[in-house]
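Coordinates in review
What follows is the residue order along each chain.
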Amino acid sequence: MTATSATAAASATAVPRPVPESTPTAFRLGSATVSPPVVLAPMAGVTNAAYRTLCREQGQAFVSKPSWGSSGGEEPLAGVYVCEMITSRGLAEGDETTKRMLVFDPGETVRSVQLYGVDPTYIGRATEILCGDYGVGHVDLNFGCPVPKVTRRGGGAVLPWKRNLLGAILRSAVAAAAPYGVPVTMKTRKGIDDDHLTFLEAGQIAQDSGCAAIALHGRTAAQHYSGRADWDSIAALAASVDIPVLGNGDIWEAEDAVRMVRETGCSGVVVGRGCLGRPWLFRDLAAAFGGRPKPALPGLGEVASMMRRHAELLAGYVGEDRGCREFRKHVSWYLKGFPVRQQVRRDLGLVSDLAGLDALLAELDHDQPFPVGELGLARGRQGSPRSVTMPAGWLDDRDGLGEDLTGAELGVSGG
């Protein structure tokens, strides 16, 4: 049996763990306890310090202090909020664009960063810099990106096909983080396509390399963000490793997250596109995992207040002009489904200062209820399946240590 068919067969025959009688309320991340068991996925141009702060504020405000803590007695983390991805080479070589992305709010008691790379040496150097120079307390390695500019050079979701290279990268990061007591995790997809699945093998490699957890997006690289996420693959991975497995894919509402952990046996969830324009999703998640009633849906008045808070936070980090320009991309997500005059939408998408934003937000009908028809619907990019672009001969062997991946990090978002 080939490695490919063995992986596929294992996926089909792995027996999921028994569905828990009660919903898991926490998972371990190194020495820390994360409760509720929720991670904000890193998203380029979105999960900067401002948006992480907004989501964290929403989540923390609805967390009941548990009567238990971690083994060290410290207060559990109310979720993990991950900085947008940076490249290992950019950080190791002192790229200024990369370093400017490493901005954190004082309220981030554990700084979390996703690192992209294809070279064990650069990954090790970058991990040490993050831990030693930036006080980062969690490093996540990205092996899930499906975009052609990444996969065509052997990075992202196609790299786990090279199992020895994957292991070398993970061991390098874990070794660099160990002196600081920092946990390393990895994010991956099911595989390149349905004929080249890698997630079960990647999970074992992650566990053997000392990773603290593995997150699985239940789609292949060929799917991009189309179709439905395969939660059965998350269940199969959770059944095959002893480290925490975090499920990712099609979590649009808090109820989806609870259903995922119950149906798959995963330890927690990673939330990405579902929170675009909806930072209050994290208060819903906290309530759901805490067994409390779901908070009332926000009307347009509350949404407007969150929009103002978001823009204000951006302005505080990058200045009012740039902050307002960066805020523009979020307007359509916040207002999705609300009946708002097209002219107001257009003007909000061109806002250049906080005073102008205030004037436009005042024009909204703050009494409008939340458009319930939007509940449970996909948000953000979706696209359609497509063939995966890879380096010539990429599928010919499973090693990867001899591959020339020079330039694989050039042009990748995140420096």
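Residues numbered from 1 in each chain as written. Predicted model: local features only at pLDDT ≥ 70, side-chain atom pairs only at ≥ 80, totals over all residues. Heavy atoms only, no water.

1. Re the overall build of the chain
Rules: Labels follow the DSSP assignment, with helices taken as runs of H or I lasting at least four residues and strands as runs of E lasting at least two, numbered in each case from the N terminus. Buried, partly exposed and exposed residues are distinguished by accessible area as a fraction of the type maximum, computed with a 1.4 Å probe on protein chains only: under 20%, between the cut-offs, and over 50%, respectively. By definition in these notes, contact holds between two residues if any of their heavy atoms fall within 4.5 Å. Calculation of accessible area relied on Shrake-Rupley with a 1.4 Å probe; when residues are assessed, cover is drawn exclusively from the protein chains displayed.
Broken down by element type, the chain carries 16 helices and 12 strands. The burial tally for the chain puts 56% of its 415 residues in the buried class. Long-range contacts, defined as pairs at least 24 residues apart, comprise 76% of the intrachain contacts of the chain with a sequence gap of at least 6. Only carbon and sulfur atoms are counted for the fraction: they give 50% of the accessible area of the chain, which is about 16,300 Å².

2. Observations regarding the packing of aromatic side chains
For clarity, the threshold we go by: Two rings belonging to Phe, Tyr or Trp (six-membered ring only in the last case) form a pair when the distance between their centres is within 6.5 Å. Interplanar angles under 30 degrees mark stacking, angles over 60 mark edge-to-face geometry, and anything in between is tilted. By definition, being over a ring means that NZ of Lys or CZ of Arg is both within 6 Å of the ring centre and within 35 degrees of the ring normal.
Under the criterion given, the structure shown has 4 aromatic pairs. Linked through ring pairs, W280, F338 and F370 together constitute an aromatic cluster. Over the ring of Y122 we find R125, and its NZ or CZ is 5.8 Å from the ring centre. Cation over ring: R398 sits above W161, and NZ or CZ is 3.9 Å from the ring centre.

3. With respect to the sheet that holds strand β12 (residues 268–271)
Heads up, the condition is: Whether two strands pair comes down to DSSP finding at least two bridges between them. Only the stretch in contact is used when a helix axis is fitted, and all axes are lines through C-alpha atoms; the angle between N-to-C directions ranges over 0 to 180 degrees.
Spatially, 8 strands are ordered β3-β4-β5-β6-β7-β10-β11-β12 in a closed barrel, and the strand pairing comes out parallel. The average angle at which neighbouring strand axes cross in this sheet is 30 degrees, direction not considered. Sitting on the sheet, helix α10 (residues 254–264) is in contact with β11 (245–248) and β12, with an inclination near 140 degrees to β12.

4. Some thoughts on the state of the cysteines
Convention followed: In plain terms, two cysteine sulfur atoms within 2.5 Å form what is called a disulfide here.
By the definition in use, this model includes 0 disulfides. In this structure C55 is a free cysteine whose sulfur lies 4.8 Å from that of C275, the closest cysteine sulfur available. Exposure remark for C55: the relative accessible area of 0% places this residue in the buried category.

5. Concerning the side chain of R189
Operational definition: Throughout this description, a polar contact denotes any pair of N or O atoms lying within 3.5 Å of each other; where both atoms belong to protein, one of them has to be capable of donating a hydrogen while the other can accept it, and for residues adjacent in sequence the pair is counted only when both atoms sit in side chains.
In this structure, R189 sits in strand β7 (residues 184–189). Among the polar contacts listed, one links the side chain of R189 to the backbone oxygen of G144, at a separation of 2.9 Å. In terms of polar contacts, R189 uses its side chain to reach the backbone carbonyl oxygen of H224, at 2.6 Å.

6. Comments concerning the pattern of salt bridges
Heads up, the condition is: When a carboxyl oxygen of Asp or Glu is within 4 Å of a side-chain nitrogen of Lys or Arg, the pair counts as a salt bridge.
A complete count under the given rule lists 23 salt bridges for this structure. Two residues, E108 and R52, come together in a salt bridge whose shortest N-O distance is 2.8 Å. Note that E108 is positioned in the loop between α4 (96–100) and β5 (111–116) and R52 in helix α2 (residues 49–61), a separation of 56 residues in sequence. Here R52 falls in the buried class, since its relative accessible area comes to 0%.

7. Section: the side chain of T188
With respect to the helices and strands, the residue T188 is situated in strand β7. For T188, a relative accessible area of 0% gives the class buried. Within the structure, T188 has its side chain in polar contact with the backbone oxygen of F143 (distance 3.3 Å). If sequence neighbours within four positions are ignored, T188 has contacts with F143, G144, P160, I214, A215, L216 and H217.

8. Some thoughts on the packing of helix α12 (residues 300–318) against helix α13 (residues 320–327)
Counted only if it meets this: In these notes the angle categories are as follows: under 35 degrees is roughly parallel, over 145 is roughly antiparallel, 65 to 115 is roughly perpendicular, and the rest is oblique. Should the near helix be turned anticlockwise from the far one by less than a right angle, the crossing is termed left-handed; should it be turned clockwise, right-handed. Note on residue classes: Ala, Val, Leu, Ile, Met, Phe, Trp, Tyr, Cys and Pro are nonpolar, Asp, Glu, Lys and Arg are charged, and everything else, Gly too, is polar.
With their axes 7 Å apart at the nearest point, α12 and α13 run at an angle of 135 degrees to one another. Looking at the two axes, α12 sits oblique to α13. As for the relative orientation of α12 and α13, their crossing is right-handed in sense. Packed against α12, whose contacting residues are M307, H310, A311, L314, A315 and V318, the element α13 presents E320, R322, G323, E326 and F327 at the interface. Among the residues making up the contact of α12 with α13, the classes are represented as 6 nonpolar, 2 polar and 3 charged.

Geometry only, nothing functional implied.
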